Amino acid sequence: MTVGQRGLTLVEVMVASVIFSMIMLGTVTALSTFASTYKRLQSEVSATTEIREVERFLRDALVDATNERGFFEGSESSLRWVAPIDRVGGAAGMQQLQLTQQGEQLIISFAPMGLSAAPASWGRVVPDFPLIDNLQQVFFSYQLRPFADWQTSYVRNESDDGANIPRAVAIKIRSNDKDWPPLIVHFEQYRERL
């Protein structure tokens, strides 16, 4: 060693090592927190995307429900209607659609409108399709007239002025221990009255 140069003492090396270790620990903790936050955020984004896609599909499929006698049936646990479909799988044109819970899935079923009075052949052209997995509950309710109370089933009333479908349907869904925002669809023929 030359004059004026001196080495680090053991205490200085230990202090530098402790400071470096604390910086590294803080960096690793921050990266770990970032990774878990990113994973949780991706999960939330995926769930939100699923909600939007299902809601958009159901809204588009329901809004044009056909206002004909016998083409709409609704209970608190299932919904069946007839509507024109542009193209879903192999289904196009006038289709019977049905929403039901099967196990932990919300299933949509399609059946082409036949000319005969034969029962619907669900899943013949397009197989049943799960819209939602990990479904805990689906609940349908129906509003017959503006500002009326919501009903747990829809039964056509002879005094409904030619209406063969309710004014609106509400769908409440619970999946993955979370309640989805309620989906309320006002049917096309009522839009001018809103």
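Computed from a prediction, not measured in an experiment: that's the story for all the values here.

What counts, and where the lines are drawn
- Residues numbered from 1 in each chain as written.
- Predicted model: local features only at pLDDT ≥ 70, side-chain atom pairs only at ≥ 80, totals over all residues.
- Heavy atoms only, no water.
- Helix = DSSP H or I, 4+ residues; strand = E, 2+ residues; numbered from the N terminus.
- Buried < 20%, exposed > 50% of the residue type's maximum accessible area, 1.4 Å probe, protein only.
- Contact = heavy atoms within 4.5 Å.
- Areas by Shrake-Rupley, 256 points an atom, 1.4 Å probe, with all protein chains shown as cover.
- Patch = residues over 30% accessible without salt bridge, like charges linked within 9 Å, V, L, I, M, F, W, Y side chains within 5 Å.
- Salt bridge = Lys/Arg side-chain N within 4 Å of Asp/Glu carboxyl O.
- Polar contact = N/O pair within 3.5 Å; in protein donor to acceptor, adjacent residues only side chain to side chain.
- Pairing = 2+ DSSP bridges.
- Core = buried A, V, L, I, M, F, W, Y, C linked by side-chain atoms within 4.5 Å.

1. Here's the deal with the overall build of the protein chain
Stage number 1. Within the protein chain, the secondary structure is distributed over one helix and ten strands.
Stage number 2. N-terminal to C-terminal, the α/β element order of the protein chain is α-β-β-β-β-β-β-β-β-β-β.
Stage number 3. In the protein chain, buried positions account for 29% of the 194 residues.
Stage number 4. Contacts in the protein chain between residues at least 24 apart in sequence constitute 49% of all its contacts with a sequence separation of at least 6.
Stage number 5. Summed over all atoms, the accessible surface of the protein chain reaches about 12,600 Å², with 57% contributed by carbon and sulfur.

2. Focus on a nonpolar patch on the surface
Stage number 1. A cluster of nonpolar side chains, contributed by V11, V15, I19 and I23, occupies part of the molecular surface with about 380 Å² of accessible area.
Stage number 2. As for its placement among the helices and strands, V11 is situated in helix 1 (residues 10–63).
Stage number 3. Under the relative-accessibility criterion, V11 is labelled exposed at 60%.

3. So, the environment of R80
Stage number 1. Topologically, R80 is positioned in strand 2 (residues 78–88).
Stage number 2. On a C-alpha basis, the gap between R80 and A65 in space is 9.8 Å, while along the polypeptide they are 15 residues apart.
Stage number 3. If near-sequence neighbours (up to four positions away) are discounted, R80 is found in contact with G70, F71, F72, E73, Q96, L97, Q98 and W122.
Stage number 4. A polar contact is formed between the side chain of R80 and the backbone oxygen of G70, at a distance of 3.1 Å.

4. Notes on the pairing of strand 4 (residues 105–112)
Stage number 1. Strand 4 sits mainly inside the fold: six of its eight residues count as buried.
Stage number 2. As paired elements, strand 4 and strand 5 (residues 129–132) share three bridges and run antiparallel to each other. The partner of I108 across the bridge, within strand 5, is F129.

5. Focus on the nonpolar core
Stage number 1. By size, the foremost hydrophobic cluster in this structure holds 33 residues, and its most contacted members are L79, W81, L99 and I171.
Stage number 2. At six residues, helix 1 tops the list of elements feeding residues into this core.
Stage number 3. Apart from the residues within four sequence positions on either side, L79 is in contact with L62, F72, E73, G74, L97, Q98, L99, F140, Y142 and V169.

6. Quick word on the pairing of strand 10 (residues 183–186)
Both faces of the sheet carry side chains from a regular strand, because those side chains alternate between them.
Stage number 1. Burial along strand 10 is one-sided: the face carrying L183 and V185 is buried and the face carrying I184 and H186 is not.
Stage number 2. Pairing between strand 8 (residues 168–175) and strand 10: four bridges, direction antiparallel. Along strand 10, the bridge assignment pairs I171 with L183.

7. Digging into the pattern of salt bridges
Stage number 1. Within this structure, the stated rule accounts for three salt bridges.
Stage number 2. Two residues, E44 and K178, come together in a salt bridge whose shortest N-O distance is 2.7 Å. You can see E44 sitting in helix 1 and its partner K178 sitting in strand 9 (residues 178–179), a full 134 residues away along the chain.
Stage number 3. Residue E44 is classed as partly exposed on the basis of its relative accessible area of 36%.
Stage number 4. Put simply, R80 and E73 hold a salt bridge, and the shortest N to O gap is 2.8 Å.
Stage number 5. Here R80 falls in the buried class, since its relative accessible area comes to 13%.
Stage number 6. According to the relative accessible area criterion, E73 is partly exposed, its value standing at 45%.

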